[in-house]
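# Architecture and fold: a report
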Amino acid sequence: MTSDTPADTFPRQYARTLRYTVGAPRSFAVAPDGSRVVFLRSRPGPSAGGPTGGDRANLLWTLDTATGEERIAADPVALLGGGEEDLSAAERARRERSREGSAGIVGYALDGSGRLAAFALSGRLFVTDLTTGSARELPAEGPLLDPRPSPDGAFVAYATAAGELRLTRTDGSADWAFAQPDAPGLTWGQAEFIAQEEMSRDRGHWWSPQSDRLLVERADDSPVRRWWIADPANPDREPAEIAYPAAGTDNAEVGLWVLGLDGTRVEVRWDEEAFPYLARVHWSAGGPPLILVQARDQRSQQILGVDVETGATTVLHAEQDDAWLELFPGVPAWTPDGRLVRITDEGGARALVVGDHAVTGPDLHVRSVLAITDDEVFFNASGGAAETDPEPGWIAVGRITLDGKRLSWESANGAPFTSVSTAVHAAGITVRSTSEHGRPGAVVQVGRDLPEGVVVDEIAVIESYAETPVITARPVFRFAGERRIPSAVLLPTGYDRERDGLLPVLMDPYGGPHGQRVVQAHNPHLNSQWFADQGFAVVVADGRGTPGHSPAWEKSIAFDFAGATLDDQVDALRALAEEFPLDLGRVAIRGWSYGGYLAALAVLRRPDVFHAAVAGAPVTDFALYDTHYTERYLGHPDERPEVYEANSLLPLAAGLERPLMIIHGLADDNVVAAHTLRLSSALLAAGRPHTVLPLSGVTHMTPQEEVAENLLLLQVDFLRRSLAG
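Calculation criteria
Residues numbered from 1 in each chain as written. Predicted model: local features only at pLDDT ≥ 70, side-chain atom pairs only at ≥ 80, totals over all residues. Heavy atoms only, no water. Buried < 20%, exposed > 50% of the residue type's maximum accessible area, 1.4 Å probe, protein only. Helix = DSSP H or I, 4+ residues; strand = E, 2+ residues; numbered from the N terminus. Contact = heavy atoms within 4.5 Å. Polar contact = N/O pair within 3.5 Å; in protein donor to acceptor, adjacent residues only side chain to side chain. Axes fitted to C-alpha atoms, helices over the stretch in contact; angles between N-to-C directions. Parallel < 35°, antiparallel > 145°, perpendicular 65-115°, else oblique. Nonpolar A, V, L, I, M, F, W, Y, C, P; charged D, E, K, R; others polar. pLDDT = per-residue confidence, 0-100. Pairing = 2+ DSSP bridges. Phe/Tyr/Trp six-rings, centres within 6.5 Å; stacked < 30°, edge-to-face > 60°. Lys NZ or Arg CZ within 6 Å of the ring centre and 35° of its normal.

What follows concerns helix α10 (residues 627-634). Taken across its 8 residues, α10 has 8 buried, putting it largely inside the fold. Inspection of α10 places T627, H628, Y629, T630, E631, R632, Y633 and L634 among the buried residues, and these make up the whole buried set. Contact partners of the buried residues in α10: α4 (193-198), β21 (277-282), β22 (290-294), α8 (561-576), α9 (594-605) and α11 (641-647). The opening residue of α10, the one whose side-chain oxygen lies 3.5 Å from the backbone nitrogen of H628, is D626.

Right under this line is the structure:
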């Protein structure tokens, strides 16, 4: 659909559609028998939120794999009787951790047959029969979080904001507390802050395949230091109290229990002093439950098998790394025949391991495991450091036999290395989502495996109701310089070199861990293209420390954020200037979060290269950031205080000689506003002029439409004025 409002600008459309995600299908699952695909998507057509795809409320949908027919399985408007959603503080915090900006049904879980789906809506519990589309509310103590049906469909387990884990029967006959906190700060069945924010683990309870017991996290955050987030624009409101484990301080104490429906309780035991982080939990029919536990410094970890009768654990695999050990989606896990599947850094590459053998080689950089069948593993990979790759940024879906002898690619266009793809797979059905840099959005294809296992027989394309952007991104991809830094360059639409000459440059990086910006997809480059259309040559460079290249590339920033990440921005800029119309006398840089840190660092440390910066929600002092993230890269502050000093922006404040705008949401509980305020105070004490833009009521995300739009406009105005001087 195309916006039919002539006055619709890119900044407003971009904000209203949550970066064009509203209306796009997402969160796919395939029923174990392959009969249906389940997914979330908002309804099509005009709404109060925007001209076309502005309705942020997701519905639950199914697609019949025999006919390709789509059907609504649950509609939040009907279930709530047209009323507004009422989100608890715990649910708002959970959505902030997962960067969830949509509404309605934002997550669901299936029973073992794939017939019953459970989900939370406005803090209440609902289930729906996916074969009939009949949804109903179940008795539950709200507000609740993370409902999950038992594999046999008889029960739903869910956590509550009060810290309980509760069970309810799906026939509606009973609801009761299964585990209750007996002291302040305790929770059962919920992932703690660090697991959600930094480990990508948002679950806290797991059903056994036999539906007779659960593995349940017990977390005690009473040791965690308390911070208070105030709302200065509303001084009549009490500050919000948060438990924030800053670098070097205490984490929550996390344990794991096996709770039986027969009332038995067994504590899972491992060396929690040596390995305090519970990073991964997996329970399938392929073997005993698996847990992955990490040391606090994340340089050692163990994969443990759990005896559910005694709680004893057995070390199945142990790893060590001089820098750190990365966590990956989908592993560790079992194959159906009981072989351990994991991803490891081996021989300079990131490899997929089945049993005792690596099944991928140095030409691939494995990123996640998507599915495991009787014969194959489906996984995401990119090219890593392969010198043969003509362009950076591709991410493909591979499938490899368990012995590693046959590798094939799931590709929408026959060219898996010019796109970004991911997939889910079960029972011979693959749902593949593919984005390309020359086409907005993603194409979602549902296909059935053919006997040769190389291509799929298409069943249907799941339609997207997302709005078509009012601008078109035109990234040009390059490996820049001797280090082959993955880069994208975007020039103004209609640019003519003879007519327009050299352009002022805007570096637009994230530039840090877990933040790949240079990808072979269209929509991720729209923001940069809009800035280009304002008269800039925009450069996006993924230097050392960013993912998708090689283990050595990622880990070269160990104990030094401020070195390689900034050096690579400079090197990419200078290398690309040999080919593109970049005016090196007018260079600005902007970024958010780590990108905000990098932008401020650039003008503070390299004013000879960078002439202006916009730093959004920057980490300015890593002693104020959380344990798991910060200590992974910089070590413990008590052991390496000099590293924290060397990577802090505060000691550099007196050297500012270029224009700097700092933007920060005052309600941010991830990178708290104290980061910006401390840097501003240091700049003021040194007599250095700068601009601070505080955003009242805004968190680390900026979902508010007017705020997000005006932020872009204000940045452009600041950058134009700064580079014109």
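So, about the packing of α8 against α9. Pairs of packed helices are described in terms of their axes, by the angle between the two and the distance that separates them. The geometry of α8 relative to α9 is characterised by a closest axis approach of 10 Å and an angle of 80° between their N-to-C directions. In terms of their interaxial angle, α8 and α9 are classed as roughly perpendicular. Residues F561, A562, G563, T565, L566 and Q569 of α8 lie in contact with α9, whose contacting residues are Y594, Y597, L598, L601, A602 and R605. Looking at the contact of α8 with α9, its residues break down into 8 nonpolar, 3 polar and 1 charged.

In low-pLDDT regions, the fine details of the predicted coordinates are not to be read closely. This prediction gives the protein a mean pLDDT of 93; 93% of its residues lie at or above 70. Confidence drops under pLDDT 50 across residues 47-53; counting only partners more than four residues distant or on other chains, this segment forms 23 contacts.

The sheet built from 4 strands is open, its strands ordered β10-β11-β12-β13 with antiparallel pairing. Of all strands in the sheet, those bounded by a partner on one side alone are β10 (144-149) and β13 (175-179). On average, each strand axis in the sheet is tilted by 30° relative to the strand beside it, whichever way the strands run. Where strand β12 (residues 165-169) and β13 come together, 4 bridges link them in antiparallel fashion. Residue pairing in the sheet places T168 in a bridge with D175 of β13.

This paragraph deals with the packing of aromatic side chains. Evaluated as defined, the whole model comprises 29 aromatic pairs. Both rings, one in W61 and one in Y465, keep their centres 6.4 Å apart while their planes meet at 65°; by these two values the pair is edge-to-face. Residue W61 is found in strand β3 (residues 57-64), and its partner Y465 is found in the loop between β36 (456-462) and β37 (476-480); the two are separated by 404 residues along the sequence. Each member of the pair, W61 as well as Y465, carries the same accessibility label: buried. Connected via pairs of aromatic rings, a cluster forms that spans W324, Y510, F561, Y594, Y597, F622, Y625, Y629 and Y633. Here R41 stacks its cationic end above the ring of W61, 4.1 Å away from the centre of that ring. Of note, R484 hangs over the ring of F479, and the distance from its end group to the ring centre comes to 4.0 Å.

A separate point is unusual backbone geometry. In this structure, P143 follows G142 across a cis peptide bond, with omega equal to -5°. The phi dihedral of R19 is positive, around 60°, even though this residue is not glycine. Mapping R19 onto the fold places it in the loop between α1 (10-16) and β1 (26-30). A relative accessible area of 53% places R19 in the exposed class. Phi is positive for S211, close to 65°, though the residue is something other than glycine.

This part covers the pairing of β12. Judged by how many residues are buried, β12 sits mostly within the fold: 4 of 5 residues are covered. Relative to β12, strand β11 (residues 155-160) runs antiparallel, the two sharing 5 bridges. Counterpart to V156 in the pairing with β12 is T168. Connecting the antiparallel pair β11 and β12 is a turn made up of 4 residues, with G163 showing a positive phi of about 95°. Following β12, the chain reverses through 5 residues before pairing antiparallel with β13; G172 in that reversal takes a positive phi of roughly 80°.

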